[in-house]
Amino acid sequence: MAFTISFANQKGGVGKTTSAVNCAAAIGALGKKTLLVDLDPQGNATSGVGVPRKRLRASTYDVIIGRASASEAIIETKFANLSIMPSQISLAGAEFELVDMDNRELLFKNAIAEVEDNYDYIFIDCPPSLGILSINALAASHGVIIPMQCEFYSLEGLSQLMLSIKQVKKLYNTSLEITGILITMFNGRLNLSMQVLEELKKYYADKLFATGIVRNVKLSEAPSYGEPIIYYDKYSKGAKAYMDVAGEILERT
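Residues numbered from 1 in each chain as written. Predicted model: local features only at pLDDT ≥ 70, side-chain atom pairs only at ≥ 80, totals over all residues. Heavy atoms only, no water.

### So, the pattern of salt bridges
Then step 1. Summed over all chains, the structure comprises 10 salt bridges.
Then step 2. Here Glu-177 and Lys-169 are joined by a salt bridge, their closest N and O atoms 2.9 Å apart.
Then step 3. The exposure class assigned to Glu-177 is partly exposed, which follows from its relative accessible area of 45%.
Then step 4. Two residues, Glu-199 and Lys-202, come together in a salt bridge whose shortest N-O distance is 3.3 Å. One end of the pair is Glu-199 and the other is Lys-202, both in helix 9 (residues 191-204) and three residues apart, which spans about a single turn.
Then step 5. Given a relative accessible area of 56%, Lys-202 falls into the exposed group.
Then step 6. The network of salt bridges with common partners includes Lys-16, Asp-40 and Asp-125. (Salt bridge = Lys/Arg side-chain N within 4 Å of Asp/Glu carboxyl O. Buried < 20%, exposed > 50% of the residue type's maximum accessible area, 1.4 Å probe, protein only. Helix = DSSP H or I, 4+ residues; strand = E, 2+ residues; numbered from the N terminus.)

In structure tokens form, the structure reads like this:
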């Protein structure tokens, strides 16, 4: 049975999708059969692994509303041991369509159960909100990775996110745990970054990944070529960092 991890943060622009894509690719490169689930209507994780969003036979939207099975939506990528359940903009309407459905918080968990035994890891890229799609992801997960920047607002939002995760754990998924907090887009030359990092170490030392992701041009370029960083430029700092994070994920799970 797969170990399922959600990449979640209600704040946008923190490297959440970049981390989901690159951790999934790195885990696959380490020999683990991996499924990346794009649960964000923007669909950036889908294009980030080179899958065009037009003319998909099925997407996470179809799976979550019960119009297609999980296996019907999954596509094998050209990258080692990596498959994806892609997303389309239609997923944005799911927030409204799920309102009147029974057990709406557990729809994705029930749908993904069909394929859990086919993978070692399932990584879910959540939307940048704490709405019903993110709740569905967290309800279906064993762990959560929280990508965040070393900025004041990110630190403020972390407390809110922790409370939300605690609530989901209490109501829908008692086995949910924090796998780790991943520092992204780090700039060690900024005093604020160092101050926020020290605060995180003070309160969340046991949750912080030892590896942080520094700002890197190659990481920014890779999505436009539809490739994870370890395939776009395997010798870049970003590729090494995400391979190190993948090693930590294997140790923690």
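### A short note on the nonpolar core
Then step 1. Among the nonpolar cores identified, the biggest contains 49 residues, and Ile-64, Met-85 and Ile-146 are the most heavily contacted of them.
Then step 2. Here the element with the most residues in this core is helix 8 (residues 152-171); it accounts for five residues.
Then step 3. Once residues within four sequence positions are removed from consideration, Ile-64 is found in contact with Leu-39, Leu-91, Ala-94, Leu-98, Leu-107, Phe-108, Leu-133 and Asn-136.
Then step 4. By size, the runner-up hydrophobic cluster in this structure holds 34 residues, among which are Ala-45, Phe-123, Ile-230 and Ala-241. (Core = buried A, V, L, I, M, F, W, Y, C linked by side-chain atoms within 4.5 Å. Contact = heavy atoms within 4.5 Å.)

### A few points about the sheet that holds strand 4 (residues 82-85)
Then step 1. Ordered in space as 3-4-2-5-1-6-7, the seven strands form an open sheet in which the pairing is mixed. Strand pairing shows two members of the sheet lacking a second neighbour, strand 3 (75-76) and strand 7 (177-183), which therefore form its edges.
Then step 2. Relative to strand 5 (residues 121-125), strand 1 (residues 3-7) runs parallel, the two sharing five bridges. Residue pairing for strand 5: Ser-6 is matched across the bridge by Ile-124.
Then step 3. Packing of helix 1 (residues 16-29) onto the sheet brings it into contact with strand 1, strand 2 (34-38), strand 4, strand 5, strand 6 (143-148) and strand 7, and relative to strand 5 it is tilted by some 165°.
Then step 4. Sitting on the sheet, helix 8 is in contact with strand 6 and strand 7, with an inclination near 170° to strand 6. (Pairing = 2+ DSSP bridges. Axes fitted to C-alpha atoms, helices over the stretch in contact; angles between N-to-C directions.)

### Describing the pairing of strand 6
Then step 1. Counting buried positions along strand 6 gives six out of six residues, so the element sits mostly inside the fold.
Then step 2. Here strand 6 shows a buried face lined by Gly-143, Ile-145 and Pro-147 and a second buried face lined by Val-144, Ile-146 and Met-148.
Then step 3. In the sheet, strand 1 pairs with strand 6 via three bridges, with the strands oriented parallel. When the sheet's bridge partners are listed, Ser-6 is paired in strand 6 with Val-144.
Then step 4. Note: strand 6 against strand 7, six bridges, orientation parallel. Residue Met-148 lies in a different strand from strand 7, and its bridge partner there is Ile-183.

### Side note on a nonpolar patch on the surface
Then step 1. Where nonpolar side chains cluster on the molecular surface, the patch consists of Phe-152, Tyr-153 and Leu-192 and spans about 360 Å² of accessible area.
Then step 2. Note that Leu-192 resides in helix 9.
Then step 3. Look at Leu-192 and you get partly exposed, because its relative accessible area is 42%. (Patch = residues over 30% accessible without salt bridge, like charges linked within 9 Å, V, L, I, M, F, W, Y side chains within 5 Å. Areas by Shrake-Rupley, 256 points an atom, 1.4 Å probe, with all protein chains shown as cover.)

This is a description of form; function is not addressed.
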